[in-house]
Amino acid sequence: MFKKVLSLCGLVAILAFSGCGDSKETSQVSEAKIIIGATPEPHAVILQEVAPMLQKEGIVLEIKEFTDYVTPNLSLDDGSLDVNFFQHKPYLDSFNKERGTKLVSIANIHLEPMGVYSSKIKSLDELKEGDLVSLPNDPSNGARALRILEANGLIKLKEGVELVSVQDIIENPKKLNFKEMDAPQLARALSDVSISVINTNFALLAGLNPLNDAIALESKDSPFANIVVVKEGNENDPRIQKLVQALQSQEIKDFILNHYKGAILPSF
């Protein structure tokens, strides 16, 4: 009888130990987390659609929103974030060069065609001599904005310069004046200028729809796709790979097309 009690106790102990092991393993899976930095629109909106998909994989997606282009890269570099999603490759390359960071792109997700907006005119033909134009003050987006103005015949830029600036304008028939500003401020200061070249994410936040409100729009074959970025060395993190798979899924492609009605386009 004593031996049977011992055997029973041993079995209970083994089962209890096994149960604890299973519980711990399950806990580890359920506690997997990705902390991602994103600008609110459209990046955080898209990520909200991705979160339930990752939850099924046992991964919690914690989205931290930023309203500037510098902090999410610095936070990724110092380890406060696992990944970020808000920028394009030319901006990332410029940031790495300027700041000495080692951040890498691992996936293209969507394109946000940059637009020219105005609260004063309905067509670029209405621009007058000496009118004021605002554009982003960071090198990559500033160059992108100038290329749009050149494509619409307002200026001509020096050839052979990758990241052009206002100093590279060699023809300016209407003697336009240029005001460089932090990208998030452009839409807020729209009434202070004749036209402004604004990134789509900040235009959307201000209630501007690129397809309806822009008086000129960047070409759809633009190389400025928005990307998923990690710190060098974390490219193969299994959690991040699952995030990329979800972002590049048919479900998210359909969401982008249906929700933004062509104002934002999938680039995968």
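Residues numbered from 1 in each chain as written. Predicted model: local features only at pLDDT ≥ 70, side-chain atom pairs only at ≥ 80, totals over all residues. Heavy atoms only, no water.

Asker: For this particular structure, what's the right way to read the overall build of the protein?
Answerer: The secondary structure content of the protein amounts to 9 helices and 13 strands. Every one of the 268 residues in the protein was classed for burial, and the buried ones make up 46%. Expressed as a percentage of contacts within the protein between residues at least 6 apart in sequence, the contacts between residues at least 24 apart total 75%. Accessible surface, the protein as shown: approximately 13600 Å² in total, 51% of it carbon and sulfur. (Helix = DSSP H or I, 4+ residues; strand = E, 2+ residues; numbered from the N terminus. Buried < 20%, exposed > 50% of the residue type's maximum accessible area, 1.4 Å probe, protein only. Contact = heavy atoms within 4.5 Å. Areas by Shrake-Rupley, 256 points an atom, 1.4 Å probe, with all protein chains shown as cover.)

Asker: Can you help me understand the packing of aromatic side chains in this one?
Answerer: Working definition: an aromatic ring pair is given by the centre-to-centre distance plus the angle between the planes. Within this structure, the stated rule accounts for 6 aromatic pairs. Centroid distance F86 to Y91: 6.3 Å. Interplanar angle 70 degrees. Geometry classified as edge-to-face. For the pair F86 and Y91, one class covers both residues: buried. (Phe/Tyr/Trp six-rings, centres within 6.5 Å; stacked < 30°, edge-to-face > 60°.)

Asker: Can you help me understand the side chain of D138 in this one?
Answerer: Here D138 shows up in the loop between strand 6 (132-136) and helix 5 (139-151). The buried charged residue D138 lacks any salt bridge, with R144 as its nearest oppositely charged partner at 8.3 Å. Leaving out residues up to four positions away in the same chain, D138 has contacts with Y69 and Y91. (Lys, Arg positive; Asp, Glu negative; His and termini not counted. Salt bridge = Lys/Arg side-chain N within 4 Å of Asp/Glu carboxyl O.)

Asker: Explanation requested: the sheet that holds strand 9 (residues 177-181) in the structure shown.
Answerer: The pairing of strands in a sheet happens through backbone hydrogen bonds and is either parallel or antiparallel. Judged by pairing direction, the sheet is mixed, and its 5 strands sit side by side in the order 9-6-10-5-11 without closing on themselves. The strands lining the two open edges of the sheet, one partner per strand, are strand 9 and strand 11 (216-217). Two strands pair when backbone bridges link them, and strand 5 (residues 115-117) and strand 11 are joined in this way by 2 bridges, in the antiparallel orientation. Counted as the bridge partner of G115 is L217 from strand 11. (Pairing = 2+ DSSP bridges.)

Asker: Would you mind showing me how to read the pairing of strand 10 (residues 195-198) here?
Answerer: Looking along a regular strand, one sees side chains alternate from face to face of the sheet. Alternating positions in strand 10 separate into two faces, I195 and V197 on one and S196 and I198 on the other, with burial throughout. In this sheet, strand 10 lies alongside strand 5 in antiparallel orientation, the contact comprising 3 bridges. Bridging from a neighbouring strand, G115 pairs with I198 of strand 10.

Asker: Mind showing me how you'd approach the sheet that holds strand 3 (residues 83-88) here?
Answerer: Taken in spatial order, the 6 strands of this open sheet run 2-1-3-12-4-13, and their pairing is mixed. Single-partner strands in this sheet number two, and they are strand 2 (59-65) and strand 13 (265-266). Where strand 4 (residues 103-111) meets strand 12 (residues 225-231), 7 bridges bridge the pair, whose relative direction is antiparallel. Within strand 12, the residue paired with H110 across the bridge is N226.

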